[in-house]
Amino acid sequence: MLCSLEKIWKYFNGEPLLRDINFVINEGERIGLVGRNGCGKTTLLSIITGNLSYDPSPENEGRLSFSGNCRIGYLEQGVGLSAECSVAEEMRKPFSELDREQERMAELEEALSGNLSDSEREKAETEYSRISTHFEDNEGYLIDVKIKTVLNGMGFSGLDLSRSVNSLSGGERTRLSLAKLLLESPSLLILDEPTNHLDLDTTTWLEDYLLGYKGAILVVSHNRYFLDKVCTRICEIEDGRLKSYSGNYSFYVKQKREDNLRQEKLYEAEQEKMKELQFFIDKNRVSATSAKAAKSKQHMLDRIVENAVEKPKMYEKSAKIRLEYDIEPPKEVFSAENVDISAGGKTLLESFSLSMRRGDKVGIIGKNGTGKTTILKTIQGLNPHTKGRINWAQNVKLAYYDQKNEYLNPNYTVIEEIHHRYPRMTDFEVRSVLGSVLLTGENVFKEVGVISGGEKTKLSFAMMSLKRGNFLILDEPTNHLDISTKEVLEDALKEYTGTILFVSHDRYLLNRIADRIVEIRDGKAYEYKGNYDDYLKAREIEKAEEERASAPPPQPAEKKQYRTKSQRAEDVKRKQELLELERSIASMEQEISEIEAKICEPEVASDYQRMAELCKALDDRKNELGELMDRWLEMQE
């Protein structure tokens, strides 16, 4: 056990946001924390990290405890970095103790090379042995390799490490904070929306890195692919309470659906039973002959009411997003021919071309900084271009979603933002539109500048539904949305019969909506038919063909000459041993794959002792595989 919460409550304005939270985090667990926006996920993280106090239960109970070896690392956007330091200096900070040890080892080596008395020499050698053992056990000689690996993985491969942190963008600072946290390797790694500022390549790298992470992980994320790949337990906060599900996100969805259906049947059966009992009681209460039976039924009814099955949460209200239009455009709606895409005086793409027909749904992907958002702005005339042509058909009505919400006025209230754009709408009509995206009550009178990112996104889509555009241009539309609202938006976009051009890192959205993928890579645009999975398959084929094309032509084998029979025998023996090693390596890799598959099984994820046994077996097999590979390399040399 690393962390334990017992009977934890948290009140805001007299109302409980978290109620009776009981939660244990064990060593090596990878837990995903999910729930609607505003349900208390970040509040729970703040309590665990000590940034927020908790409230005792109504019985004045409640306890938060940690094991002695629990060291928490918490990702907060842009926090934990010194603005005046360089990137290299920041990345070196997690290894400050090892750096001091290395300096001390150098001092001791110099002292030992000089004239010391026997007692001084013995003392220096003892200290050197102790420090060097600790230094090697903590991989001190691999510090530079670790830093380079993490920075490259987090998308900083071409960055000048002498640059100051202050010169980086907000998204870059967030990625650097995450890189630094990974290098610190805390025993409990807490991440709040870690993939928000990551492109697809970096997200995939982070997923793979976390799969091999030795500490425990607690992550809040709305990225369903990420939760599926990384997590072995999902904890949901709903109505202030926390419920745990073994397995990844897909298993949680299935299990919750089954639990809700089971609870719905129990609830309906119990309600029917209560009606029958009440009917019997009402009918026989005044009868002298059956009053005793009625009293007994009343006691039975009281017991059922006291322990009544709760109404399933599947009845909770969801957002409703409807995207419709009035004017049907012609078949050929848009084309861009050899357009240059530039921003800040820098050319991102020399020549961008794209054509779209009515009803097309095209997803644009690529690494951060490749020009995806600039493409969307350029084709709308919001960003200048110097060459090429952009053609829009008649009767095309654009509706644009900007991920930064730059077109919202931060000084207007939510209701004023819509009134300003649609002055003829009544308050009732405006509030009805806002209510459809779950912006209700006092929230509509908050200033746009203070509402959350998710609420701004909902406001933007409420206005987009009013605009009734037949061509949607969307820049990261699912950022900041909770999973249930993402699914509502996906359904709305799937049902929409108009044309959509969108930029996204959301693999679920790309798979559900896109019928064509445009990847921006190395200053060029590459088109692929189908959704994101189809794109991945096409890229695998391309990469295999590139590797075959770049491989040197096979050389004719030379017949080996032997001077003696013993040389021939030794070579035959070596080849036989190599063959046996390759078989052992293949067998070990298969065994590792089977253990990893077992670790991902839901029933194993819920059995901590079994999980610990499998994790130890996995480490042992990986060590054995490493030894086999070392031996194989030696023999090849």
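Residues numbered from 1 in each chain as written. Predicted model: local features only at pLDDT ≥ 70, side-chain atom pairs only at ≥ 80, totals over all residues. Heavy atoms only, no water.

Caption draft 1: Here's a closer look at helix H12 (residues 414–421). Val414, Ile415, Glu417 and Ile418 are the residues of H12 that are buried. Angularly, the buried residues of H12 cover 160° about the axis, an arc narrow enough to put them on a single face. Here the buried face of H12 lies against helix H13 (427–436) and helix H14 (453–467). (Buried < 20%, exposed > 50% of the residue type's maximum accessible area, 1.4 Å probe, protein only. Helix = DSSP H or I, 4+ residues; strand = E, 2+ residues; numbered from the N terminus. Arc of directions from axis to C-beta. Contact = heavy atoms within 4.5 Å.)

Caption draft 2: Geometry of the sheet that holds strand S2 (residues 15–25). The antiparallel open sheet is built from 3 strands, whose spatial order is S2-S1-S4. Each end of this open sheet is capped by a strand with a single partner; those strands are S2 and strand S4 (63–66). Averaged over neighbouring strand pairs, the angle between their axes works out to 25° when direction is ignored. With 7 bridges joining them, strand S1 (residues 3–12) and S2 adopt antiparallel strand pairing. Residue pairing across strands places phenylalanine 12 opposite glutamate 15, the latter belonging to S2. Sheet strands touched by helix H1 (residues 41–48): S1, S2 and S4. Its angle to S2, the strand with the most contacts, is close to 60°. (Pairing = 2+ DSSP bridges. Axes fitted to C-alpha atoms, helices over the stretch in contact; angles between N-to-C directions.)

Caption draft 3: The sheet that holds strand S13 (residues 389–392), seen in detail. The 3 strands are arranged S11-S10-S13 in an open sheet whose pairing can be described as antiparallel. Every other strand in the sheet has two partners, leaving strand S11 (346–357) and S13 as the edge strands with one partner each. The average undirected angle you get between the axes of adjacent strands in this sheet is 20°. Bridge analysis of strand S10 (residues 332–343) against S11 gives 8 bridges, and the strand direction is antiparallel. In the strand pairing of S11, phenylalanine 334 is matched with methionine 356. Seen against the sheet, helix H11 (residues 372–379) touches S10, S11 and S13 and runs at an angle of roughly 120° to S10.

Caption draft 4: Structural context of empty space enclosed by the protein. Evaluation of the coordinates by the stated rule reveals 2 cavities of 30 Å³ or more. The computed volume of the largest cavity comes to approximately 170 Å³. Along its surface, the largest cavity is lined by 15 residues, and Thr195, Asn196, Asn223, Asn479 and Lys486 are the ones closest to its centre. A per-class count over the lining of the largest cavity returns 2 nonpolar, 9 polar and 4 charged. Of the pockets and cavities examined, the second largest cavity occupies roughly 40 Å³. (1 Å grid on protein atoms, 1.4 Å probe; cavity = no way out; pocket = protein on both sides within 12 Å on 5 of 7 lines; lining within 4 Å. Points joined across faces, edges and corners; volume = space filled by probe spheres on them. Nonpolar A, V, L, I, M, F, W, Y, C, P; charged D, E, K, R; others polar.)

Caption draft 5: Structural context of the state of the cysteines. All chains considered together, the criterion is met by 0 disulfides. Take cysteine 39: it sits in no disulfide, and the sulfur closest to it among the cysteines is that of cysteine 235, at 12 Å. A relative accessible area of 13% places cysteine 39 in the buried class. With no disulfide of its own, cysteine 235 lies 9.5 Å from the sulfur of cysteine 231, the closest cysteine sulfur. The exposure class assigned to cysteine 235 is buried, which follows from its relative accessible area of 0%. (Disulfide = S-S within 2.5 Å.)

Caption draft 6: Representation of the confidence of the model for the chain within the structure. For the chain, the mean per-residue pLDDT works out to 88, and 95% of the residues sit at or above 70. Confidence, read as mean pLDDT per element, is least for helix H19 (residues 602–605) in the chain (65) and greatest for strand S16 (residues 499–503) (97). (pLDDT = per-residue confidence, 0-100.)

Caption draft 7: Looking closely at the nonpolar core. Counting 45 residues, the largest nonpolar core has Met154, Leu176, Leu182 and Leu210 as the members making the most contacts within it. For this core, the leading source of residues is helix H6 (residues 170–184), giving 6 residues. Here leucine 176 is in contact with Leu81, Val87, Met91, Leu151, Phe156, Val165 and Leu168, once residues within four sequence places are set aside. Grouped together as the second largest cluster of nonpolar side chains are 44 residues, Val433, Val437, Val488 and Ile517 included. (Core = buried A, V, L, I, M, F, W, Y, C linked by side-chain atoms within 4.5 Å.)

Caption draft 8: The arrangement of the environment of valine 150 in detail. Structurally, valine 150 can be placed in helix H5 (residues 143–153). According to the relative accessible area criterion, valine 150 is buried, its value standing at 2%. Here the alpha-carbon distance between valine 150 and glycine 140, two residues 10 residues apart in the chain, equals 16 Å. For valine 150, the contacting residues outside a window of four places in its chain are Ala179, Leu182, Leu183, Trp205 and Tyr209.

Caption draft 9: Up close: the pattern of salt bridges. For the structure on display, the rule yields 38 salt bridges. Residues arginine 512 and aspartate 491 are paired through a salt bridge, measuring 2.9 Å at the closest nitrogen-oxygen approach. Pair noted here: arginine 512 is in helix H16 (residues 507–513) and aspartate 491 is in helix H15 (residues 483–495), with a separation of 21 residues, a long-range link. Judged by its relative accessible area of 33%, aspartate 491 falls in the partly exposed class. Each of Arg224, Lys486, Glu490, Asp491, Asp506 and Arg512 takes part in a single network of salt bridges with overlapping partners. (Salt bridge = Lys/Arg side-chain N within 4 Å of Asp/Glu carboxyl O.)

Caption draft 10: Here's a closer look at the packing of H12 against H13. One way to put it is that H12 packs onto H13 with a least axis distance of 10 Å and a crossing angle of 115°. Between H12 and H13 lies a crossing whose hand is right-handed. Residues Val414, Ile415, Ile418 and His419 of H12 touch H13, and the partners they reach there are Asp427, Val430, Arg431 and Leu434. (Left-handed = near helix turned anticlockwise from the far one by under 90°.)

Caption draft 11: Molecular detail of helix H10 (residues 291–306). In this model H10 runs 22 Å from its N-terminal to its C-terminal C-alpha over 16 residues, within 8% of the 22 Å that 1.5 Å per residue would give. When H10 is considered as a whole, its buried residues turn out to be Ala294, Leu301 and Ile304. Along the axis of H10, the buried residues cluster in a sector spanning 75°; they form a single face. Away from its buried face by more than 90 degrees, H10 exposes Lys292, Lys295, Arg303 and Glu306. Here the buried face of H10 lies against helix H9 (249–284). (Expected span 1.5 Å × (residues − 1).)

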